Each structure stands twice: as structure tokens, then as C-alpha cells.
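Given next are the chains, with one letter for each unit.
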Amino acid sequence: MDKITANIDYLKKASISELFKKFSSSEQGLANEELKERFQQYGYNEISEKKESSFMKFLSYFWGPIPWMIEIASILSAIIHHWEDFWVIFTLLLLNAVIGFWQEHKADNAIELLKQKLALKTKVLREGKWQELAARELVPGDIVRIRLGDIIPADVKLISGSYLSVDESTLTGESLPVDKKISDLCYAGSIIRQGEMNALVVATAMNTFFGQTAKLVAEAKTQSHFQKAIIKIGNYLIVLAIVLVAIIFIVALFRHEGVLQTLQFALVLTIAAIPVALPAVLTVTMAVGAIALAKNKAIVSKLAAIEEMAGMDILCSDKTGTITKNQLSLAPLKSFSEASENEILFWATLASREEDQDPIDNVIINKTKTLEIFKTLKNYHLSDFKPFNPVIKRTEVSVQDAQKHKFKISKGAPQAILALATNSKKITNQVEAEVNSLATKGYRALGLAKTDSTGHWQFMGIIPFFDPPRKDSAETIKTAESMGIEVKMVTGDHSAIAKEIAQRVNLSTNIMSAETFLKKSDAEAGKIVEEAGGFAQVYPEHKYRIVELLQKRGHIVGMTGDGVNDAPALKKANIGIAVNGATDAAKSAAAIVLTLPGLSVIINAIKESRKIFQRMNSYAIYRIAETIRVLFFITLSIIVFNFYPVTAIMIVMLALFNDAPIMAIAYDRVHYSNQPEKWAMHRVLNMSTFLGILGVISSFGIFYIAQEVLHLPADIMQSFIFLKLAVAGHLTIFVTRTRGHFWSIKPSGALFWSAVITKALATLLVVYGWWVSPIGWQLAGFVWAYALIAFVITDFLKVWAYKFLDRRQQKKQIK
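Note that this is a predicted model, so its numbers are computed, not measured.

1. Let's talk about the overall build of the protein chain
Step number 1: If you tally the helices and strands in the protein chain, you get 30 helices and 22 strands.
Step number 2: Within the span of the protein chain, comprising 815 residues, buried residues form 54% of the whole.
Step number 3: Looking at the protein chain alone, contacts between residues at least 24 apart form 71% of all its contacts between residues at least 6 apart.
Step number 4: For the protein chain, the exposed area adds up to about 36,900 Å²; of that, 57% sits on carbon and sulfur atoms.

The structure is reproduced here in C-alpha cells:
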């Protein structure tokens, strides 16, 4: 750290010319032929996370929190000279490690590809031309342009421009922005709050101040509500398993059975009960969901947000670019001076920068290019350009014409421009009337002012724009409402514009301004915000307050945003959504980044998240039911009948056979719910316990048939019961995956065939006696028939149970 500190001190003190010389650069930027050598010298501009090697990750599956118990069981098999058991358990352990490693490897690769799509972009000057490149391609000596909303991509020295206001809180913890000027140093990872300047790249990647700090700081990971619930289920099953296994162990000791053999059996029974596949199912399901969302142009930066989105009941949506097209078109200009419409448009062009690709500036510039007056642009010299500032709501530029006359031009929100003008008293009423008139038609207005020969600002005119609603907005909002989601429009525009657009897309026209709730108590403000149909004339900091108030009233809130000042609200929201074209700061704060404009992208993401929730809910019910079925049946068989219904090897194989198809649940075909999903633990526990008890009854039914009707020997009985447990376990997946009958939703091919293949393997294993006593095709056929009949009966009872639970829930709500 001392070395990097010394380097920073040097960079602070060094002059700009000295640094140009040090990095062999110039004001025209680097030449392309120099880049290859620089990449070799400095590497790519990216902070490399310390990742676990593939070998170590594989070992974690072979020797981790759960596998070590299997390994102890295999060692105990060797101690008691059950070599067949030893090699079977060891082989199955190796197979489990390979499958688990491969599934997580695929999930990690998918997530890494999505992260690459979110890579920062930056404007770079090379060979005298500005171009947009990935920030990772920067090298020391490059000249970059950094502006409002950008995350600074490297350590840079400011070389031209007026000023910057920089948020360095990610590095220093200081909440107040720091003002920067020419020759000041800015650090990678900081956020530009105001201003625009050009800068020389002086350090990249791990050589930056941020890069050195990143070595010392580990990323804090949080768990979503659903992940916490799943982990609670896992803990519940582990405790249940330990209690029942302890009972078996104590009973075995009282019966003077072999300690080592009992311990081996107890270990493998614990393994069968513990949800070994839990982490893999979570990871794979989330990764598959993230890939599906990416195909729908929604890139997930925080996987937990997929689960949170399933429960979202309020979406606070931006107007511009989300509900509307963000394709501005000019309406006839209104002059409040002697200047013509073309002159006002030309002056507005002087106060715009084409390279910044600002939507409003682009419309103005493109329209001016069609006019004859555009040819005179080269006669004007521009200086001291101040880009749009969301606080003062205007841009400003100093101009010198061919006759050496100097003047300034400013364009921005009409009220901000009026505040500048010395002639505002005469025209304020006219301007406001014009703005209101335009607003009722859904038009936005931009004011323009110019200094006269005495240096006083004069209001010149209004430039109206129209941004029509997207064609799919009304239908998408209708779909959202049918899914139990209330859409509230949030915009900085005038209330009249907001109401006009709201009316066109069938949103509530009960539009409130931020002033209606800002100075109220939390209770009063919360009620106002909850009842409002939307909000107008909202500043970014108001968005944070809106989210906070809605969350306090028990809502799960989604918030869209695009600007640097939207970042706090995006981070505060349960689901922060950076819309298409958002600043780097907004993207970094958001959980989901849209790469396509419009509300339909968000609605598709909600549908996908609810599908994922359904899959996870199915897994939770299945896992609890299966554990109750196997654990209670084995425990009661040992205690009541003094009979071990399955061997240790059978339990290990049963666990692996059941986990293999459950991996495919991530690809299952499900229907999304029409209401926000909420984690109803009591319902999950009730249903899984009900299904588990039915499974225990069914298992004792075949136990009775095997012992009292067929009079099978003990070893054949164990194989007979093992096959029943294996087949019925797979069929339980198809019971739990739907609330209706199992045929109501067709399963995916991956889930169906994985279950069929594993059932077939289990059947072949017991028919031909691979590591177990053979039972032949006749007994195997009987088990299949019994399991299928029990499956159909269980499915009908499940449908009845859901109806019973629904009726009971309705009665509670009425009371």
C-alpha cells in the first residue's frame, strides 16, 4: 500500500505536460499502433477477483460440509470389512462431486457472461477521434471524457473543462461530493455528480487506488427472503434427521447391535435426510432464470432480485423511455423575442454537444442540420461549456461569433431559464400559460435564454417536444394490473404532462407533486403516497422517500431509474431497475438492468421471476415431504418391527437417485401466478407434512404386503422396499409441482426424462441385483403398479387438501 500511496502523491504533484511525456501521449490521444505494446505492459483495466480454482471447487464437492459424512460412512465400511459397501459409496460420492461441480460450473459461466454485458463503457480520444470503448480497454496515456452519471473508469488527471463534482464515498466514506478542477486527480470507482471534463488516464486496474483497496475488502453477501426461508427448511430437516437418527442409535445400543454398523447406518440415514442438493438447486435455478431474463433484455446483476421480484406489488415507473417512447420530435417553436424560430433553434444547437448523444440535444441538432443557418456554425467559437445539471436544470455555454462579439446561451427547464432572465417579470405569465397549454397536450417544453450586449440574460423562446406513449404501454399496464401489480408513474415533468400521458395509457390520473408528502409525518405521508396514482415534478431524492414510505406500509417495491441521483432510490427499493440508457452509477446500484426500453421488459421479468418462485416452492414441498416419508418410515420400522427396511448403500443410492432429477426442476415448465408471490411457510409445511404422512402410510402398506402376504426373505424385502421408495420418491416430484392434478401442467422434457431414466436405473439395479439382492421382473412390476396407484390416489388427495387450505384461508380473511 505504501508503494501505491507514493505513486498517488507523485501523480497529484506532477504537471499535465510532465504526465503526457511520461506516458508518451498527446492531446490527440494515443495512436492505435501503440495499444498492443501498452496492453502487454499494463494488462486490461479490470479488478480481478480472487477466484477459487476449479480443482479446489471440485474438492469442496468431494470433501465439504455434507460429503465428509458420506466419506466417514465409507471409512466405517472399510473398518468393518464391508468392501463392497466401501467402493459403492466411494463411487457414488465421486459421481455426486462431478455432477455438482459441473452444474455450478455451468451456472457460474452463465452469470459471468451476464456480468460482461454490464461492463462499463467510456468515451476515449484516440488518433484525434472520440469513440466509445469498454473501460477494460483503457491504458495509461489515454484521454477520456467523464461527465454527469459516469463511474470514473481509472485513476485520471483532469486536463480540460470547467469543473467536476465527484462522489468519492465508495473510497473515503465521505458522503459530500468533492469539487475538482484542472490538474486534480480523480480515482477509479468514484461517481460524477455534476460537470464534465476531459482527463488523462494515469493508472489502471490493480494499480489504481480502488484496485489496491479492493484487495483488502471482501464483498458482503446478503440473502433474500426466499433464500432465508429455504435455509430455514434445511435447518429444520437437519434437526429432524438428527433427532430421529439419535433415537435409532439409542434403540440399537439397547438391543446390543454392533456400534460401528449402527453408526454407519445412522450416518447414511442423516445424509439422506439432509438437503444435499439445496445449494446446487438454488444456484442452477437462479442462473437458468437469469439467462431467461437476459434473453428478454433484462440483465440481472443481483441474483436474489429474481426472487424478490416475484413478490413485488408496486412498480414505480419512470415516464420517459419506459412508458413513453423517448423518441422526441419538435413541435413549432414559440418566440418571446424578436428572434425567429430558426435563430432560436440555432442558438439551442450552440448550447448542445453532439458527441454526448443526449436525446434532447440530438433532436435539436438534427433539426438544425436541415436549415441553411447550420452552415454558419463554423464561424462560432464555443468555450466554457457547462453540461446539463439536474440541480439547476440547465446547460450553459460561452460563445464568440465571427465579429468577436461574446455572449452566453443557456437552455433548460422553462422555470430555471425564467429565473435567469431580466425580462422575466413581463413575460412570466405568458410563458407559464404556454407551458401549461403545451403540457395539456402532452408536450414538454425547453426554455432558451441569451445574454444581450450588456451581458444581461434575455428569455428568447420555448422549444416544445413531444414524447408519445409506447404502443404497448397501455396493454402492458393492463397486464401488470391483472397480475396484482400497481403501476405508479414517477416523473420530473409537469403535472399536466403526467396526467395527459397517464390518461392515454389508462393509469390513474391522481397525480401528486412531491410537495404533498414531503413535510408530513410518516403515517400521513405514507397514506398519501399509497393512494396516489403517480408523482410529478419529482426530484431524484424524492424517489428515495417514496420507496421508503411504501416499504413501511408493507409493500414490496420496484423502482426504475436512469440518472446518477436515482442510485439511492434504486438501492433502497426491493428491486432497483436501471432502464435502458441508464448511467453507470444507476446500473451499479440496480439489481436488474434493462437493455431494451419499455414496461413490457419489466413485466416479462416479473413473469419469469414468479415461474422461478413456483419451481422453488415445488422443491421445498418435495424436499420436506420426501424427508418425512423416508425418515419416519425407516425409524418406525426399526423401533416397532426391529427391521432395517433398507441398507446403508440403498440409502446413499436413494439420496442420489432423488437428487438427480430434482436438478432438472430449474428447467421445469410452470405457470406464473396472477398475484404477487409470498412465502407462506405454514402452507408449505402443512402440505409437505400431509404428503409425507401419506408416503409413510403407503410405505408401510408395501412393507405389510412383502412380509405378511408375499413372505419375502429379509434381503429380498429390502430390495423390494428400496425400489418402492425410489419410484415413489421420483413420482412425488410430479405431485408437488402443481396445485391441480399432475396432468394439469405438462412437465418439461428435462424433468420428465431425468425422472424416467433414474427410475429405470433403480429398477435394473434391483432386478439384476447390482450391489443388492435381485428381485426379478415380476416383483419389480408389482412395485411399479403399487407405486403408480398410490401416486394417483395421493394426487387426488393433494388437490382436496389445497381446496381445504384455501377455504380455511378465506374464512380467516372474512373474520
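2. Some remarks on the pattern of salt bridges
Step number 1: Scanning the model with the defined rule gives 25 salt bridges in all.
Step number 2: The salt bridge involving E524 is made with K520; its shortest N-O contact spans 3.9 Å.
Step number 3: For D806, the salt bridge is made with R739, and the minimal N-O distance between the two is 2.6 Å. One end of the pair, D806, is in helix α30 (residues 776-814); the other, R739, is in the loop between α28 (714-736) and α29 (749-768), and 67 residues separate them in sequence.
Step number 4: Owing to a relative accessible area of 41%, R739 belongs among the partly exposed residues under this scheme.
Step number 5: Here the salt bridges do not stand alone but share partners, grouping R145, R147, E196 and R353 into one network.

3. Notes on the nonpolar core
Step number 1: Within the largest apolar cluster, 71 residues are counted, with the highest numbers of intra-cluster contacts made by V646, I721, F722 and L723.
Step number 2: Take this core: its biggest share by element is 13 residues, from α28.
Step number 3: Judged by nonpolar contacts, the second largest core, of 41 residues, contains A290, L599, V601 and M616.

4. Concerning empty space enclosed by the protein
Step number 1: The tally for this structure, following the rule as stated, stands at 5 cavities of 30 Å³ or more.
Step number 2: Roughly 190 Å³ of internal volume is contained in the largest cavity.
Step number 3: Along its surface, the largest cavity is lined by 17 residues, and R629, G695, A728, T732 and T794 are the ones closest to its centre.
Step number 4: Secondary-structure elements contributing two or more residues to the lining of the largest cavity are α25 (599-641), α27 (681-709), α28 and α30.
Step number 5: In the lining of the largest cavity, the residues fall into 9 nonpolar, 5 polar and 3 charged.

5. Quick look at the sheet that holds strand β21 (residues 575-578)
Step number 1: Reading across from one edge, β8-β22-β21-β20-β9-β17-β19-β18 is the order of the 8 strands in this open sheet, with mixed pairing throughout. The open sheet has two free edges, formed respectively by β8 (298-300) and β18 (511-513), since each of these has just one partner strand. The average angle at which neighbouring strand axes cross in this sheet is 20°, direction not considered.

6. Topic: the environment of Q458
Step number 1: By the element assignment, Q458 lies in strand β16 (residues 457-466).
Step number 2: Residue Q458 is classed as partly exposed on the basis of its relative accessible area, which comes to 21%.
Step number 3: Not counting chain neighbours up to four residues away, the residues in contact with Q458 comprise A421, T422, N423, L448, A449, K450 and D452.
Step number 4: A polar side-chain atom of Q458 sits 3.4 Å from a polar atom in the side chain of D452.

7. Thoughts on the side chain of Q718
Step number 1: Following the sequence through the fold, Q718 ends up in helix α28.
Step number 2: By relative accessible area, which is 14% here, Q718 ends up buried.
Step number 3: Excluding its chain neighbours within four sequence positions, the residues that come into contact with Q718 are F643, Y644, P645, V646, T647 and M650.

8. Digging into the pairing of strand β3 (residues 143-147)
Step number 1: For β3, the tally of buried residues reaches 4 of 5 residues, placing the bulk of the element in the interior.
Step number 2: One ladder, built from 3 bridges, connects strand β1 (residues 121-126) with β3; its direction is antiparallel. The residue of β3 that forms the bridge with V124 is V144.
Step number 3: Pairing analysis gives 5 bridges linking β3 to strand β7 (residues 191-203), with the strands arranged antiparallel. Paired with R147 across the strands is E196, a residue of β7.

9. Considering the side chain of T324
Step number 1: By secondary structure assignment, the location of T324 is in the loop between α13 (319-323) and β10 (329-330).
Step number 2: Polar contacts involving the side chain of T324 include one to the side chain of D467, which spans 2.5 Å.

10. Some details on unusual backbone geometry
Among all residues except glycine, the phi angle is most often negative; among peptide bonds, the trans geometry is most common.
Step number 1: Positive phi values are uncommon outside glycine, yet S183 reaches one of about 85°.
Step number 2: Looking at the secondary structure, you find S183 in the loop between β5 (178-180) and β6 (185-186).
Step number 3: For S183, a relative accessible area of 33% corresponds to the partly exposed category.
Step number 4: Notably, Q537 is not glycine yet its phi reads approximately 55°, a positive angle.
Step number 5: Residue position: Q537 is located in the loop between β19 (534-536) and α22 (540-552).
Step number 6: By relative accessible area, Q537 is classed as partly exposed at 38%.

11. Notes on the packing of aromatic side chains
Step number 1: Counting across every chain of the model gives 19 aromatic pairs.
Step number 2: Seen in terms of ring centroids, F643 and F703 are 5.8 Å apart; in terms of plane orientation they differ by 55°. Their pairing is tilted. Here F643 is found in the loop between α25 and α26 (648-663), whereas its partner F703 is found in helix α27, with 60 residues between them in sequence.
Step number 3: What makes F643 buried here is its relative accessible area of 14%.
Step number 4: A cation over an aromatic ring shows up here: K450 above the ring of W347, its NZ or CZ 5.0 Å from the ring centre.
Step number 5: One residue, K450, lies across the ring of F407, its end atom 4.6 Å from the ring centre.

Reading guide: rules and limits
- Residues numbered from 1 in each chain as written.
- Predicted model: local features only at pLDDT ≥ 70, side-chain atom pairs only at ≥ 80, totals over all residues.
- Heavy atoms only, no water.
- Helix = DSSP H or I, 4+ residues; strand = E, 2+ residues; numbered from the N terminus.
- Buried < 20%, exposed > 50% of the residue type's maximum accessible area, 1.4 Å probe, protein only.
- Contact = heavy atoms within 4.5 Å.
- Areas by Shrake-Rupley, 256 points an atom, 1.4 Å probe, with all protein chains shown as cover.
- Salt bridge = Lys/Arg side-chain N within 4 Å of Asp/Glu carboxyl O.
- Core = buried A, V, L, I, M, F, W, Y, C linked by side-chain atoms within 4.5 Å.
- 1 Å grid on protein atoms, 1.4 Å probe; cavity = no way out; pocket = protein on both sides within 12 Å on 5 of 7 lines; lining within 4 Å.
- Points joined across faces, edges and corners; volume = space filled by probe spheres on them.
- Nonpolar A, V, L, I, M, F, W, Y, C, P; charged D, E, K, R; others polar.
- Pairing = 2+ DSSP bridges.
- Axes fitted to C-alpha atoms, helices over the stretch in contact; angles between N-to-C directions.
- Polar contact = N/O pair within 3.5 Å; in protein donor to acceptor, adjacent residues only side chain to side chain.
- Phe/Tyr/Trp six-rings, centres within 6.5 Å; stacked < 30°, edge-to-face > 60°.
- Lys NZ or Arg CZ within 6 Å of the ring centre and 35° of its normal.

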